[in-house]
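# Structural description and commentary
Spelled out from the first residue to the last, the chains are:
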Amino acid sequence: MSAPLRPRPAAQLGPAAPRDRAVIGAPAAATSRLLTVGVVGAGRVGAVLGAALAAAGHRVAAVAGGSGASRARLALLLPDVPRRPAVAVAHAAVDLLLIAVPDDALAGVVADLAARGALRPGQVVAHTSGAHGLSVLEPAVAVGARPLALHPAMTFTGTPDDLARLAGISYGVTAPAELRPLAARLVADLGGVPEWVGEADRPLYHAALAHGANHLVTLVNEAADRLRDAGVAQPEKVLAPLLRAALENALRLGDDALTGPVSRGDAGTVQRHLTRLAETAPESVPAYLALARRTADRAIAAGRLRPVDAQSLLGVLADSGREVAA
């Protein structure tokens, strides 16, 4: 297990500025001062980002998280930070309130904090949701708080090991113009790189990440299960070098990294795949078909598969699709 990051010396972040409300969100040197932060939501993301901000020298004044899992994370990552109700955390977050709760709970949490008078003018209220932008923070803006969407493009375990993985990752940031300097500074303090995402583009941004990362986990586990069905005792040993190479090649070469029967138009091979899958794991057939069709489309568009060579393959996929639908 990686050791928690040590706080950086304050000198690396610049001298502390006086704690007047006007400096929050200001451009230039005011963004270099250390902040007093509160974290609402001690899930995998909130606890880790809170620990990373503390390691950067910021003061995490309080954190909200009531489950047993949350308490265990806080004991590992923020052992000296008091655990308080969300309203008390918002009051303690003099400069920055970081809300790290599930996407569907976010609007309710923000509205409740605003309605209970826990937010104040000048305070920066940030959330870590990839799916939401600034509109979900409108109740906070209505009472004078400043909105910020700050989503780390990373998967988290909620352990100290995550701190080492933060170096160099991207953050999908949506911010009003006056808060961009502060947002860039916070991302830099976390060791990351900002990617500025427009408000209207947040759902597409998040869909891309979920499609690439979350569905990848499902795909890998599906492949491992089918190898077990084929009698392979340790499928992870078979998959690990293959999948690592495929991922690296895809990131480096794009569609030129594509190999396999679909890219060659091997209709007979794909038909045999589908026949055996239907016998052994029929629940895997729709996903295989959908991905094979999309792979064929991309292979044709990239010039990897000639349309004339794709005809038989596309016929097999269409026929199998009709069988599944029936």
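Anything mentioned here points back to the structure above.
Quantities reported herein were computed from a predicted structural model and do not represent experimental measurements.

## Some thoughts on the overall build of the protein chain
In terms of regular secondary structure, the protein chain is built from 13 helices and seven strands. Seen through its C-alpha atoms, the protein chain measures out along the principal axes to roughly 70 × 40 × 40 Å. For the protein chain, the proportion of its 326 residues judged to be buried stands at 40%. Contacts spanning at least 24 positions in sequence make up 62% of the contacts within the protein chain whose residues lie at least 6 apart. Only carbon and sulfur atoms are counted for the fraction: they give 59% of the accessible area of the protein chain, which is about 16,400 Å². For the protein chain, the centre of its 32 positive side-chain charges and the centre of its 28 negative side-chain charges are spaced 7 Å apart.

## Side note on helix α1 (residues 44–55)
Counted at 1.5 Å a residue, the expected span for α1 with its twelve residues is 16 Å, and the 17 Å between its end C-alpha atoms agrees. Across the twelve residues of α1, nine count as buried, placing the element largely inside the fold. Every buried residue belonging to α1 is among Gly46, Ala47, Val48, Leu49, Gly50, Ala51, Ala52, Leu53 and Ala55, and all of these are buried. Of the residues trailing α1, glycine 57 is marked for its positive phi of about 105°.

## Digging into the packing of aromatic side chains
On inspection of all chains with the given rule, the structure shows zero aromatic pairs. Over the face of the ring belonging to tryptophan 196 we find arginine 180, whose NZ or CZ atom lies 4.2 Å from the ring centre.

## Remarks on the environment of alanine 131
Examined against the element boundaries, alanine 131 turns out to sit in the loop between β4 (124–127) and α5 (138–142). Considering only alpha carbons, one finds alanine 131 and asparagine 221, 90 residues apart in sequence, at a separation of 25 Å. If we ignore the near neighbours within four places in the chain, the residues touching alanine 131 are Asp103, Arg202, Pro203 and His206.

## Here's the deal with empty space enclosed by the protein
Tallying each qualifying case throughout the model produces two cavities of 30 Å³ or more. As a volume, the largest cavity reaches approximately 40 Å³. Around the largest cavity, the lining residues are Leu49, Leu53, Leu96, Leu98, Leu150, Leu186 and Leu190. At the level of elements, α1 and β3 (96–99) are the ones that each hand at least two residues to the lining of the largest cavity. Here the residues of the lining of the largest cavity sort into seven nonpolar, no polar and no charged.

## Focus: the nonpolar core
Membership of the largest hydrophobic core comes to 35 residues, with the highest contact counts inside it found for Leu148, Leu166, Tyr171 and Val173. The element best represented in this core is α1, accounting for six residues. In contact with tyrosine 171, not counting residues within four places along its chain, are Leu49, Leu150, His151, Pro152, Leu166, Val187, Leu190, Gly192, Val193, Pro194, Glu195 and Tyr205. The next biggest cluster of nonpolar side chains, apart from the first, holds 21 residues, and it includes Val87, Val101, Leu113 and Ala114.

## With respect to the sheet that holds β3
Backbone hydrogen bonds are what pair the strands of a sheet, in a parallel or an antiparallel way. Strands sit in the order β2-β1-β3-β4-β5-β6-β7 across an open sheet of seven strands; the sheet is mixed. On the outer flanks of this sheet lie β2 (59–64) and β7 (193–196), each paired with one strand and no other. Adjacent strand axes in the sheet meet at a mean angle of 25°, parallel and antiparallel pairs treated alike. As judged from the four bridges shared by strand β1 (residues 36–40) and β3, these two strands associate in the parallel manner. Among the inter-strand pairings, valine 37 is bridged to a residue of β3, identified as leucine 96.

## What to know about the pattern of salt bridges
Summed over all chains, the structure comprises twelve salt bridges. Notably, a salt bridge pairs aspartate 229 with arginine 226, separated by 2.8 Å at the nearest N-O pair. Residue aspartate 229 and its partner arginine 226 are both found in helix α8 (residues 202–229); the two are separated by three residues, about one turn of the helix. In this structure, glutamate 279 and arginine 276 form a salt bridge, with 3.9 Å as the shortest nitrogen-oxygen distance. Taken as a pair, glutamate 279 and arginine 276 lie in helix α11 (residues 267–280) at a separation of three residues, close to a single helical turn. The same class applies to glutamate 279 as to arginine 276, namely exposed. Sharing partners across several salt bridges, the network here consists of Glu222, Arg226 and Asp229.

The rules we used
Residues numbered from 1 in each chain as written. Predicted model: local features only at pLDDT ≥ 70, side-chain atom pairs only at ≥ 80, totals over all residues. Heavy atoms only, no water. Helix = DSSP H or I, 4+ residues; strand = E, 2+ residues; numbered from the N terminus. Buried < 20%, exposed > 50% of the residue type's maximum accessible area, 1.4 Å probe, protein only. Contact = heavy atoms within 4.5 Å. Areas by Shrake-Rupley, 256 points an atom, 1.4 Å probe, with all protein chains shown as cover. Lys, Arg positive; Asp, Glu negative; His and termini not counted. Charge placed at Lys NZ, Arg CZ, Asp CG, Glu CD. Expected span 1.5 Å × (residues − 1). Phe/Tyr/Trp six-rings, centres within 6.5 Å; stacked < 30°, edge-to-face > 60°. Lys NZ or Arg CZ within 6 Å of the ring centre and 35° of its normal. 1 Å grid on protein atoms, 1.4 Å probe; cavity = no way out; pocket = protein on both sides within 12 Å on 5 of 7 lines; lining within 4 Å. Points joined across faces, edges and corners; volume = space filled by probe spheres on them. Nonpolar A, V, L, I, M, F, W, Y, C, P; charged D, E, K, R; others polar. Core = buried A, V, L, I, M, F, W, Y, C linked by side-chain atoms within 4.5 Å. Pairing = 2+ DSSP bridges. Axes fitted to C-alpha atoms, helices over the stretch in contact; angles between N-to-C directions. Salt bridge = Lys/Arg side-chain N within 4 Å of Asp/Glu carboxyl O.

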